[in-house]
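Next come the chains, spelled out residue by residue.
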Protein chains: 2
Amino acid sequence: MTVTEDVTPLHETSDCRAVSAVLGRVGDKWSVLIISRLGDGTCRFNELKRMIGGISQRMLTLTLRGLERDGLVTRTVFPTVPPRVEYELTALGQSLREPVDALAAWALEHQPEIAAANRLYDQRSQSS
Amino acid sequence: MTVTEDVTPLHETSDCRAVSAVLGRVGDKWSVLIISRLGDGTCRFNELKRMIGGISQRMLTLTLRGLERDGLVTRTVFPTVPPRVEYELTALGQSLREPVDALAAWALEHQPEIAAANRLYDQRSQSS
DNA sequence: CTGTATCCCTTGGGATACTG
DNA sequence: CAGTATCCCAAGGGATACAG
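Not measured: the values here are computed from a predicted model. (Residues numbered from 1 in each chain as written. Chains lettered and ligands numbered in written order. Predicted model: local features only at pLDDT ≥ 70, side-chain atom pairs only at ≥ 80, totals over all residues. Heavy atoms only, no water.)

(A) The arrangement of the relation of the copies chain B and chain A in detail. Overlaying chain B on chain A yields an RMSD of 0.0 Å, the required transformation being a rotation through 180 degrees with an accompanying axial translation of 0.0 Å. One copy is carried onto the other by what is essentially a two-fold rotation axis. Residue Gly27 of chain B, judged by its C-alpha, is the member of chain B lying nearest the rotation axis, at 1.8 Å. Most of the interface of chain B is mirrored in chain A, where 100% of its interface residues are also at the interface. (Least-squares fit on C-alpha atoms with pLDDT ≥ 70 in both. Contact = heavy atoms within 4.5 Å.)

Rendered as structure tokens:
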């Protein structure tokens, strides 16, 4: 019988949306780089910009604001002239590094397999 | 003295690009959901579409192709009529679940802190 | 059933210029 | 120094129609 079943998409539960938000952060091109860099210690705005390299001022600002909003990074303004702003990982931000590093380790470990799969797939696509 | 220093952006090393690619996969809205669903067993195209819900045909196809290209999923076509195609996680795909689950666990565990940080941040932005 | 092809709107994000 | 504001282009992704 075809009664009305539960069709609530799995990804729309409260828990799943929370997980998605974090996955989005991690998937973001710049967030992880910033967190990684900040893991080595406090950093100023332009310092971050230089060390990461390739990030625009706009994206650095936006990404830092996002990280700050999620409580992963603190922003400290020193009322000097010229202004000095320091960014630092919070305990929460530090704790995120562990699972992220695990993922990075997985990526490095299996990179050869992935590259091989890519070549195989592309080669097969070629001859189609 | 200001000699020409090493300004190679950290994210442009070979290793880092490999890690980024994986982080991109994980950050992708649909990839993780598909992998998660496939973790419970083989699945057909429309089966996946229904269970995930909210994904367009186009994105399901594109995402599955990407997962297949990276060797995370296998695609098996049964030459019947109507056609029957089954998707299944590879061993590599299975192995990815571990670090991803760790990240999901982190997200769930710290969700309250993140939500609180969000509220605090938004509240402060309000009064500015 | 399992896709592919198009159209088209939304979002992401770089470049540049300006401000406290 | 540390941003904000604007412009603008490219990629992401849904809706729809068509095909094997």
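(B) Layout of the sheet that holds strand E3 (residues 84-89) of chain B. Residue and element names in this part refer to chain B. With antiparallel pairing, 3 strands are arranged side by side in an open sheet as E1-E3-E2. Two strands in the sheet have a free side with no partner beyond their single neighbour: strand E1 (43-44) and strand E2 (73-78). Note: E2 against E3, 6 bridges, orientation antiparallel. Within the sheet, the bridge partner assigned to Val73 lies in E3 and is Leu89. Set on the sheet, helix H2 (residues 31-38) makes contact with E1, E2 and E3; between it and E3 the angle comes to about 95 degrees. (Pairing = 2+ DSSP bridges. Helix = DSSP H or I, 4+ residues; strand = E, 2+ residues; numbered from the N terminus. Axes fitted to C-alpha atoms, helices over the stretch in contact; angles between N-to-C directions.)

(C) Spotlight on the pattern of salt bridges. Scanning all chains against the criterion turns up 6 salt bridges over all chains. One salt bridge in this structure joins Arg69 of chain A and Asp122 of chain B, with 2.6 Å as the shortest N-O distance. Here Arg69 of chain A is found in helix H4 (residues 57-69), whereas its partner Asp122 of chain B is found in helix H5 (residues 91-126) on a different chain. For Arg69 of chain A, a relative accessible area of 30% puts it in the partly exposed group. On the accessibility criterion, Asp122 of chain B (32% relative accessible area) is partly exposed. The partner of Arg84 of chain A in a salt bridge is Glu86 of chain A, and the shortest N-O contact between them spans 2.9 Å. (Salt bridge = Lys/Arg side-chain N within 4 Å of Asp/Glu carboxyl O. Buried < 20%, exposed > 50% of the residue type's maximum accessible area, 1.4 Å probe, protein only.)

(D) Just the UniProt feature "domain: HTH hxlR-type" (unreviewed entry) in chain A, in detail. Per the UniProt entry, the sites bearing "domain: HTH hxlR-type" (unreviewed entry) are residues 16-115 of chain A in this numbering. Annotated as residues 16-115 of chain A, this span is 66% helix and 14% strand, and its ends, taken at the C-alpha atoms, are 30 Å apart. (UniProt positions renumbered as here; feature names shortened; annotations may be inferred.)

(E) Spotlight on the protein's contact with DNA strand C. In the vicinity of DNA strand C lie 18 residues, with Arg58 and Met59 of chain A together with Gln57, Arg75 and Tyr87 of chain B positioned nearest. Sugar and phosphate atoms represent 65% of those atoms of DNA strand C found within 4 Å of the protein. Between Ser56 of chain A and DNA strand C, the recorded distance is 2.8 Å, taken from a side-chain N or O atom to a phosphate oxygen. Between DNA strand C and Arg65 of chain B there is a distance of 3.3 Å, counted from a phosphate oxygen to a side-chain nitrogen or oxygen. (Near = heavy atom within 4 Å. Polar contact = N/O pair within 3.5 Å; in protein donor to acceptor, adjacent residues only side chain to side chain.)

(F) Geometry of the packing of H2 of chain B against helix H3 (residues 45-52) of chain B. Residue and element names in this part refer to chain B. At their nearest, the axes of H2 and H3 sit 11 Å apart, and the two run at 110 degrees to each other. It follows that H2 is roughly perpendicular to H3 by the angle criterion. Judged by the sense of rotation from one axis to the other, the crossing of H2 with H3 is right-handed. Two secondary-structure elements touch here, H2 through Leu33, Ile34, Arg37 and Leu38 and H3 through Leu48, Met51 and Ile52. (Parallel < 35°, antiparallel > 145°, perpendicular 65-115°, else oblique. Left-handed = near helix turned anticlockwise from the far one by under 90°.)

(G) Looking closely at the protein's contact with DNA strand D. Gln57, Arg75 and Tyr87 of chain A together with Arg58 and Met59 of chain B are the nearest of the 16 residues found near DNA strand D. Here the atoms of DNA strand D within 4 Å of the protein split so that 67% fall in sugar or phosphate, with bases taking the remainder. Asn46 of chain A places a polar main-chain atom, nitrogen or oxygen, 3.0 Å from a phosphate oxygen of DNA strand D. At the level of secondary structure, the elements contributing two or more residues to the surface near DNA strand D comprise helix H3 (45-52), H4 and strand E3 (84-89) of chain A together with helix H4 (57-69) of chain B. Taken together, the residues of the surface near DNA strand D sort by class into 8 nonpolar, 4 polar and 4 charged. (Nonpolar A, V, L, I, M, F, W, Y, C, P; charged D, E, K, R; others polar.)

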